[in-house]
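Observations on the three-dimensional arrangement
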Amino acid sequence: MIGRASVPRSTTEGEPDDVTVRKRVPHRTDGGEAARARAHQPETDSDPDVLISARGLTKEFGDFVAVDGIDIDVRRGEAFGFLGPNGAGKSSTMRMIGCVSPLTEGSLTLFGMDPEADGPAIRGRLGVVPQKDLLDEELTVRENLLVYGRYFGLSRSVVAGRADELLRFAQLSDRADSPVEPLSGGMKRRLTIARALINAPEILLLDEPTTGLDPQARHVLWDRLYRLKQQGVTLVLTTHYMDEAEQLCDRLVVMDGGRIVAEGSPRELIERYSSREVVEVRYPDFDLEPHRDQLDLGDLAERVEVLPDRLLIYTHDGDAVSRIVDQSPDRPVSVLVRRSSLEDVFLQLTGRSLAG
Amino acid sequence: MTTTTLKVPPLGDFSRSMAALEYWLRAYRRTWRSSAVTAFVMPLVFLGAFGAGLGSLVDTDRAGGLGDVSYLAFVAPGILAGAAMQSAFSESTWPILSSRKWNGHYHAQAASPLTMPDIVTGHLLFIVFRLTLGAVAFVLIGALFGAFGSAWVVLAVPAAVLTGLAHAAPLIAFAVTRESDTDFSMLVRFVMTPLFLFAGTFFPVSQLPAAVEFLAWLTPLWHGTQLCRGLSMGDAGLLGSVGHLVYLLVWVVGGYALALRSYRKMLLS
Ligand SMILES: Nc1ncnc2c1ncn2[C@@H]1O[C@H](COP(=O)(O)OP(=O)(O)OP(=O)(O)O)[C@@H](O)[C@H]1O
Ligand SMILES: [Mg+2]
């Protein structure tokens, strides 16, 4: 496998022995990707900036395919996102990247190393913020950091110093000696991030960093993540919030049903898969098909989506559409013009809404 | 990285196992006071009730086929081994389930450079630590009661710890696979308590019907009680003691291998 010679320390690894990691030609057909995939091995060998590289990454649980042959490359310094609804396979992918879940099929390298052979060495350079915090609630805030740092072979004094620094970063210094249990959800999340940073990781994996937090706590978190990115930490995150993806990600893949359905920067995705503007129209009743049929928008509407509670009209000229809708005999309750978002991209790609 | 099932399981990287142990010691700081009190009160209660209380009856009537030996001298090493087993049951069930399901610390450990052998070894080292505290306290109190006829009783401490570990290793392998703690109370009721009562703690298993006596020989606890008793009374035969030792070690190694397997299955899915 790739780069095994550069492993810093030999290890007795605890991963199951019955897992075979096989290379296979990815089944995706978009020419450029597939071509790059075939040239994959020599390329990552010579490109140390590709920190994570996966080809045909597959995870099955029994007969169920949770991750269905995905290809990704994450470069140093990038903020890379997986956007997808519940059950899309985001956590399953993150666990494989975190080297705690053996691949069913495909290949994966991190820092040019093979997770099966070099798990401890790889994990030593990762920070992991799992979907569930997994904090020890009976230990104090500081103790959670002290304990964790030791797992990375750091001396007590180094860990103590880093803990203080990270508590400041996570704005938890004044709670340092309090038990974790009574902290708010946002504080626990920040502590989990602080813990993941104890080894000064090169890659930070964040599985739904802000799910379940209130808007203010989310903004505090985004700000911290933004700073990390400025410091050169490579961020890999999953989310089912389009605003989070837009805020944080340089590049993202949209996942659905275990597959990647689109890839690009948030801006690119919106340009490629949606119109410039969207007009949201609500009516007093929820039988929306007839309302759509009676609208005569001609070339103005690129596409009309019927959601359970509203119509979405995709257009290059929102104001023009909004005037026509307003004057239509069906009298809508509200008409709202807005810019296209990743939500619209997702709807276009999957026919379903992210939130649903 | 290809292993056959017969290969001796890896013990993990020692410094990483120690880091895992450190976590458990830090968590223990929170409860050490009450556990220390228990460690000293438990032998007082048992030695008082069985050694001094019941013992006075047994010794007067020369019942139980113990010959010249006082009941206190007979029962003390038995309880030492039995208490180690009991302690192994409580340390190897609820905390294991909690680490996987409730606080999830095992998953946090698995995301760090720690490997499954590190995680398992680290936790077992902590259980060894707890067993050692219990056994030392028991031998100190027992000595105050005058329960031991030989200075070899010092070696009964590691013997009792090994007895506990022979139970702990297979128990953690089982506990980590559980989804709730209901099985643990069944385990205590139907496995631990009968073992404690019938595996040579309170009376020689030769008093049992032949078929049951044979079953008792199979239990690691019986080998533990015999080993501790030989050492504390100073009449341990070398061959017999080595036999008990080896039998207990088989349970430790077998349990460890099973633990690695079930930890991998549950934590690396
Ligand atoms: N250990 C497992 N055993 C069986 N099925 C699993 C397991 N883990 C995940 N799955 C299934 O795989 C699918 C993908 O799950 P995954 O957790 O990766 O999705 P996700 O995108 O992270 O979703 P969410 O937004 O809910 O976190 C789901 O249908 C889930 O039920
Ligand atoms: Mg998830």
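The structure under discussion appears in the preceding block.
Please read all numbers here as calculations on a predicted model, not as lab measurements. Within every chain, residues take consecutive numbers counted from 1 along the sequence as written. Naming scheme: in the order in which they are written, chains are lettered from A and ligands are numbered from 1. A pLDDT threshold of at least 70 governs which residues receive local features in this predicted model, and a stricter bar of 80 or more applies before side-chain atom pairs are shown or counted, although totals over entire chains, interfaces and linings include all residues. Hydrogens and water molecules were not included; the side-chain quantities draw on all heavy atoms of the structure.

For each residue, the test is whether any non-hydrogen atom lies within 4 Å of the molecule or strand; if one does, the residue is near. Around ligand 1, 15 residues are found, and the nearest of them are Gly87, Lys90, Ser91, Ser92 and Glu208 of chain A. Two or more chains meet at ligand 1, and those chains are chains A and B. The separation between an oxygen atom of ligand 1 and a polar main-chain atom of Lys90 of chain A is 2.8 Å. Pairs of N or O atoms are called polar contacts if they sit within 3.5 Å, as long as, within protein, a hydrogen donor faces a hydrogen acceptor (for residues adjacent in sequence, only side-chain-to-side-chain pairs). In this structure, Ser91 of chain A approaches ligand 1 through a side-chain N or O atom, which is 2.8 Å from an oxygen atom. Computed on the free molecule, ligand 1 has an accessible area of 640 Å², of which 64% lies beneath the protein chains in the complex. Residue burial considers only the protein chains on display, and all accessible areas are found by Shrake-Rupley using a 1.4 Å probe.

Looking now at the coordination of the magnesium ion (ligand 2). All names here are of chain A. Keep in mind that water is not among the atoms, so a site may look incomplete; donors are the N, O and S atoms within 2.8 Å of the metal, or 3.2 Å for Na, K and Ca. Protein-derived ligands of the magnesium ion (ligand 2) are Ser91 (OG) and Gln131 (OE1), with the metal-ligand distances lying across 1.9 to 2.2 Å. Taken together, the positions of Ser91 in helix α3 (residues 90–97) and Gln131 in the loop between β5 (126–129) and α5 (141–150) put the pair 40 residues apart, joining distant regions of the chain. Since its relative accessible area comes to 22%, Ser91 is described here as partly exposed. Residue class for Gln131 comes out partly exposed when judged on its relative accessible area of 41%. Strands here mean DSSP runs of E at least two residues long; helices mean DSSP runs of H or I at least four residues long; both are numbered from the N terminus. Note on classification: 1.4 Å probe, protein chains only; a residue is buried when its accessible area is under 20% of the maximum for its type, exposed when over 50%, partly exposed between these limits.

Bringing the pattern of salt bridges into the picture now. Throughout this description, the term salt bridge denotes a Lys or Arg side-chain nitrogen within 4 Å of a carboxyl oxygen of Asp or Glu. The final tally for this structure, using the stated rule, is 38 salt bridges over all chains. In this structure, the salt-bridge partner of Asp133 of chain A is Arg189 of chain A, at a minimum N-O distance of 2.6 Å. Within this pair, whereas Asp133 of chain A is found in the loop between β5 and α5, its partner Arg189 of chain A is found in helix α7 (residues 185–196), the two being separated by 56 residues in sequence. Pair check on accessibility: Asp133 of chain A and Arg189 of chain A agree, each one buried. Residues Glu22 of chain B and Arg156 of chain A are paired through a salt bridge, measuring 3.2 Å at the closest nitrogen-oxygen approach. On the criterion of chain membership, the pair formed by Glu22 of chain B in helix α1 (residues 14–28) and Arg156 of chain A in helix α6 (residues 156–169) is interchain, its members lying in two chains. Each member of the salt-bridge network shares a partner with another, and the members are Glu280, Arg282, Asp309, Arg310, Arg338 and Asp344 of chain A.

Turning our eyes to something else, we now look at the pairing of strand β3 (residues 79–83) of chain A. Residues and elements named next belong to chain A. Extensive coverage of β3 is indicated by the burial of 5 of its 5 residues. Because side chains alternate across β3, one face comprises the buried residues Ala79, Gly81 and Leu83, and the other comprises Phe80 and Phe82, equally buried. Whether two strands pair comes down to DSSP finding at least two bridges between them. In this structure, β3 lies alongside strand β7 (residues 234–239), joined through 5 bridges in parallel fashion. Considered in β7, the bridge of Ala79 is made with Leu235. Two strands pair when backbone bridges link them, and β3 and strand β8 (residues 251–256) are joined in this way by 4 bridges, in the parallel orientation. If you follow Phe82 over to β8, its bridge partner there is Val253.

With that settled, the discussion passes to helix α13 (residues 342–350) of chain A. In an α-helix, one turn spans 3.6 residues; hence positions three or four apart end up facing the same way. Residues and elements named next belong to chain A. Along α13, 7 of the 9 residues are buried, which leaves the element largely enclosed by surrounding structure. Leu342, Glu343, Asp344, Val345, Phe346, Leu347 and Thr350 are the residues of α13 that are buried. Structurally, the start of α13 carries an N-cap: the backbone nitrogen of Glu343 is 3.1 Å from a side-chain oxygen of Ser341. A positive phi of about 75° marks Gly351, the residue just after α13.

Residue-level contacts link 33 residues of chain B with 34 residues of chain A. Reported buried area values correspond to the accessible surface (1.4 Å probe) lost by two parts on association, with both partners' losses combined. Around 3,000 Å² of area is buried between chain B and chain A when both sides are counted, 53% of it from carbon and sulfur atoms. On inspection of chain B and its partner chain A, the count reaches 4 salt bridges. Where Glu22 of chain B meets Arg150 of chain A, a salt bridge forms, and the shortest distance between an N and an O atom there is 2.9 Å. Only heavy atoms enter the contact rule, under which two residues are in contact if any of them lie within 4.5 Å.

With that settled, the discussion passes to the packing of helix α3 (residues 71–91) of chain B against helix α7 (residues 153–175) of chain B. Residues and elements named next belong to chain B. Between N-to-C directions, angles span 0 to 180 degrees; the directions come from axes that are lines fitted to C-alpha atoms, helices contributing only their stretch in contact. Running from N to C, α3 and α7 point in directions that differ by 35°, and their axes come no closer than 8 Å. Helix-helix and strand crossings are classified by hand; for α3 and α7 the assignment is right-handed. For the pair α3 and α7, the contacting residues are Leu80, Ala81, Ala84, Met85, Ala88 and Phe89 in the first and Ala156, Ala160, Thr163, Gly164, His167, Ala168 and Leu171 in the second. By residue class, the composition of the contact of α3 with α7 is 10 nonpolar, 3 polar and no charged. Left-handed describes a crossing whose near helix is turned anticlockwise from the far helix by less than a right angle; the clockwise case is right-handed. When residues are sorted by character, Ala, Val, Leu, Ile, Met, Phe, Trp, Tyr, Cys and Pro go into the nonpolar class, Asp, Glu, Lys and Arg into the charged class, and all the rest, Gly among them, into the polar class.

Residue and element names in this part refer to chain B. Any Phe, Tyr or Trp ring, taking Trp's six-membered ring, that has another such ring centre within 6.5 Å forms a pair; planes under 30 degrees apart are called stacked, those over 60 apart edge-to-face, and the others tilted. In the structure shown here, the tally under the stated rule is 17 aromatic pairs over all chains. Plain terms: the ring middles of Tyr71 and Phe74 are 6.2 Å apart, the flat faces sit at 25° to each other, and that makes the pair stacked. Taken together, the residues span about one helical turn, with Tyr71 and Phe74 both in helix α3 at a distance of 3 residues. The exposure class of Phe74 is buried, given its relative accessible area of 6%.

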